[in-house]
Amino acid sequence: MGKNKNKGSPRNYTLASGVARFSKSAMFHKKAIYKFMKKKAPAKESKKKAVFVEKKIGGAKNGGTRMVRVKKLANDYPTAVKAAKKPFASCQKSHPAKLRSSITPGVVAIVLAGVHKGKHVIVLKQLQSGLLLITGPMTLNGCPLRRINQRFIIATKTKVDVSSVKVPDTLNDAYFARVKAENVKKDGVFADNKKQKYAPSDERKKDQGEVDKQVMAAISKHPEGALMKKYLASVFRLQKGQYPHNMVF
Amino acid sequence: MPFKKFVEIGRVAYIADGPCQGKIAAIVNVIDQNKVLIDGPTSGVSRQAYPLKQMHLTNLSVKFPFNASTKVVRKELEANKVDEKWADSAWCQRIKAKAVRKSMTDFDRFKLRKAKSQRNRIVTIALNGKKKALRKAGKI
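None of the values given here were measured: they were computed from a predicted structure.

1. Observations concerning the overall build of chain A
For chain A, the count of helices and strands is 6 helices and 7 strands. Listed N to C, the secondary structure of chain A is α-β-β-α-β-β-β-α-β-β-α-α-α in terms of helices and strands. Across the 249 residues that make up chain A, the buried fraction comes to 24%. Of the contacts made within chain A by residues no fewer than 6 positions apart, 54% connect residues no fewer than 24 positions apart. Of the roughly 20,600 Å² of accessible surface on chain A, 57% is carried by carbon and sulfur atoms.

Encoded structure:
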């Protein structure tokens with residue numbers, strides 16, 4: 001083995017034209033790949049599988065036997081393009097949606113859509129489905145314990161320390177899932193299907209009161225607690241000359 | 001209206017754009033119609049060519065010979081207390097106020113609104129009191 005004159009510099013390199021200095025065969029010899037090539041194993045003699053098999057068939061005039069395929073051909077000649085496979089639903093269940101970094105438990109958020117749009121609410125936690133659990137609190141702005149998608153809120157920089165607030169584990173997605181109205185039998189063309197007005201259950205009222213009590217205590221502990229309560233009771237509005245892309249929330 | 005602030009050796013300028021945005025520097029020499037050599041040793045601006053379009057002239061100026069070294073420029077700026085004068089100026093205070101206003105959060109805006117309306121209420125009550133007294137006295 002002679003002295004390695006090339007120490008530190010690469011064996012192969014690209015020229016200014018974009019082409020490599022040494023070809024594949026040149027590199028084969030430079031790198032002595034023949035030393036590292038594995039011996040080729042002799043090709044295994046594969047068992048020849050029969051494609052057609054002779055089968056006996058009945059009927060006097062049918063020729064007695066027929067060559068039948070061992071593996072039937074697929075009788076599938078689609079006329080339309082098959083719809084793409086949907087991703088597994090369990091893929092979403094395995095982990096909740098990634099939250100914006102500005103959304104953390106205790107942050108004050110502005111609701112942008114829905115019945116409570118414009119209200120300032122407190123984000124409590126993220127549920128398993130990825131939706132956020134928010135509360136007004138109810139006594140301040142009439143917004144109950146509710147689920148909301150992170151897309152429909154603007155997270156402000158104002159935070160309340162809700163580490164002491166224990167949200168009961170019963171408050172999960174199943175708790176908030178919409179209850180489907182029972183199918184009323186239709187008598188005639190126009191049935192008297194009055195829309196059932198939503199009335200909160202006693203369980204909901206109890207949970208609301210319990211959670212809100214803790215949240216209000218956390219707000220009161222905030223150095224600007226009194227003003228914070230007025231802030232949560234207020235509604236967000238854009239004034240003239242205020243542009244959301246220019247504002248810090 | 002005659003011009004009052006000139007591009008001259010020693011003129012202190014506020015840098016409005018570019019990498020040194022927000023700082024002040026003194027003009028050390030003029031390179032051509034669009035560029036000047038600036039130096040702001042007391043305000044963290046290293047000696048460099050800078051386009052005049054990105055600078056706004058202030059009413060402060062110091063005296064040093066053209067192409068004076070950074071050491072001389074620093075001495076003159078400190079002797080004339082340029083940094084203090086700039087910080088005290090209404091211009092500088094306005095810039096700071098704008099920055100604070102822009103960085104207000106939604107809660108800050110709410111607090112400001114409440115404070116303004118409280119103040120206005122006090123003013124209105126006092127004003128109306130005075131008006132009532134004058135009206136009674138027949139003066140208005």
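Back to the text.
2. As for the packing of aromatic side chains
Across all of its chains, the model carries 9 aromatic pairs over all chains by this definition. Seen from the ring of Phe22 of chain A, Lys30 of chain A lies directly overhead, with NZ or CZ sitting 4.0 Å from the centre. Sitting over the ring of Phe249 of chain A, Arg109 of chain B keeps its end group 5.7 Å from the ring centre.

3. Describing the interface of chain B and chain A
With 9 residues of chain B in contact, the opposing surface of chain A contributes 17 residues. In this assembly, chain B packs against chain A so that about 1,100 Å² is buried in total across both faces, 61% of it on carbon and sulfur atoms. Contact with chain A buries area across many residues of chain B, yet Asp106, Phe107 and Phe110 of chain B alone supply 50% of it, more than any other trio. Put simply, chain B and chain A have 1 salt bridge between them. Close ionic contact of Lys111 of chain B with Glu224 of chain A constitutes a salt bridge, the shortest N to O distance being 2.7 Å. Here chain B is connected to chain A by 4 residue pairs in polar contact (both at pLDDT 80 or more). When residues of the side of chain B that touches chain A are assigned to their parent elements, the largest contribution, 5 residues, is made by helix H4 (residues 106-136) of chain B. Counted by class, the side of chain B that touches chain A contains 3 nonpolar, 2 polar and 4 charged residues.

4. Section: the packing of helix H6 (residues 225-233) of chain A against H4 of chain B
Where H6 of chain A contacts H4 of chain B, the axes come no closer than 10 Å and their chain directions differ by 100°. When the axis of H6 of chain A is compared with that of H4 of chain B, the two are roughly perpendicular. From H6 of chain A, Leu227, Met228, Lys230 and Tyr231 of chain A reach across to H4 of chain B, where they touch Asp106, Phe107, Phe110 and Lys111 of chain B. Of the residues contributing to the contact of H6 of chain A with H4 of chain B, the split by class is 5 nonpolar, no polar and 3 charged.

5. Comments concerning the pattern of salt bridges
Inspection of every chain in the model, using the stated rule, returns 8 salt bridges over all chains. Residue Asp173 of chain A pairs with Arg147 of chain A through a salt bridge whose shortest N-O separation is 2.9 Å. You can see Asp173 of chain A sitting in helix H4 (residues 173-176) and its partner Arg147 of chain A sitting in strand S6 (residues 146-148), a full 26 residues away along the chain. Here Arg109 of chain B makes a salt bridge to Asp106 of chain B, at a shortest N to O gap of 3.3 Å. Of the two residues, Arg109 of chain B and Asp106 of chain B are both situated in helix H4; the distance of 3 residues between them amounts to about one turn of the helix.

6. Description of the environment of Leu77 of chain B
Residues and elements named next belong to chain B. Mapped onto the fold, Leu77 is located in helix H1 (residues 70-79). Taking the C-alpha atoms as reference points, Leu77 and Thr42, 35 residues apart in sequence, are found 7.4 Å from one another. Not counting residues up to four positions away in its chain, the partners in contact with Leu77 are Val12, Ala26, Pro41, Thr42, Val62 and Val82.

7. Describing the sheet that holds strand S5 (residues 55-61) of chain B
All names here are of chain B. Read across the open sheet, the 5 strands follow the order S4-S3-S2-S1-S5; overall the sheet is antiparallel. Each edge of the open sheet carries a strand with a single partner, namely strand S4 (45-51) and S5. Mean inter-strand twist for the sheet, computed between neighbouring axes without regard to direction, equals 40°. Taken strand by strand, H1 contacts strand S1 (11-15), strand S2 (24-30), strand S3 (35-40) and S4, and its axis lies near 130° from that of S2.

8. Brief notes about the confidence of the model for chain A
Residues of chain A with pLDDT of at least 70 account for 91%, and the chain-wide mean is 87. The weakest mean pLDDT in chain A belongs to helix H2 (residues 89-93) of chain A at 64; the strongest belongs to strand S3 (residues 107-111) of chain A at 96.

9. Thoughts on the environment of Val7 of chain B
All names here are of chain B. Tracing the chain through its elements places Val7 in the segment before S1. Overall, the relative accessible area of 37% leaves Val7 in the partly exposed class. For the pair formed by Val7 and Thr58, sequence separation is 51 residues and the distance between their alpha carbons is 10.0 Å. Residues in contact with Val7, not counting those within four places in the same chain, are Ile27, Val30, Val36, Leu52 and Leu57.

10. Focus: a nonpolar patch on the surface
Taken together, Tyr13, Leu15 and Val19 of chain A make up a surface patch of nonpolar side chains, about 260 Å² in accessible area. Its location among the elements puts Leu15 of chain A in the segment before helix H1 (24-30).

11. As for the sheet that holds strand S5 (residues 132-135) of chain A
Residues and elements named next belong to chain A. The strand order S6-S5-S4-S3-S7 describes an open sheet built from 5 strands, whose pairing is antiparallel. Of all the strands in the sheet, the pair left with one neighbour each is S6 and strand S7 (153-159). Mean inter-strand twist for the sheet, computed between neighbouring axes without regard to direction, equals 45°. Direction of pairing for S5 relative to S6: antiparallel, over a ladder of 3 bridges. Bridge pairing in S6 links Leu133 to Arg147. Contacts from H6 reach S3, strand S4 (120-126) and S7 within the one sheet, and its direction differs from that of S4 by about 95°.

Procedures and definitions
Residues numbered from 1 in each chain as written. Chains lettered and ligands numbered in written order. Predicted model: local features only at pLDDT ≥ 70, side-chain atom pairs only at ≥ 80, totals over all residues. Heavy atoms only, no water. Helix = DSSP H or I, 4+ residues; strand = E, 2+ residues; numbered from the N terminus. Buried < 20%, exposed > 50% of the residue type's maximum accessible area, 1.4 Å probe, protein only. Contact = heavy atoms within 4.5 Å. Areas by Shrake-Rupley, 256 points an atom, 1.4 Å probe, with all protein chains shown as cover. Phe/Tyr/Trp six-rings, centres within 6.5 Å; stacked < 30°, edge-to-face > 60°. Lys NZ or Arg CZ within 6 Å of the ring centre and 35° of its normal. Buried area = accessible area lost by both parts, 1.4 Å probe. Salt bridge = Lys/Arg side-chain N within 4 Å of Asp/Glu carboxyl O. Polar contact = N/O pair within 3.5 Å; in protein donor to acceptor, adjacent residues only side chain to side chain. Nonpolar A, V, L, I, M, F, W, Y, C, P; charged D, E, K, R; others polar. Axes fitted to C-alpha atoms, helices over the stretch in contact; angles between N-to-C directions. Parallel < 35°, antiparallel > 145°, perpendicular 65-115°, else oblique. Pairing = 2+ DSSP bridges. pLDDT = per-residue confidence, 0-100. Patch = residues over 30% accessible without salt bridge, like charges linked within 9 Å, V, L, I, M, F, W, Y side chains within 5 Å.

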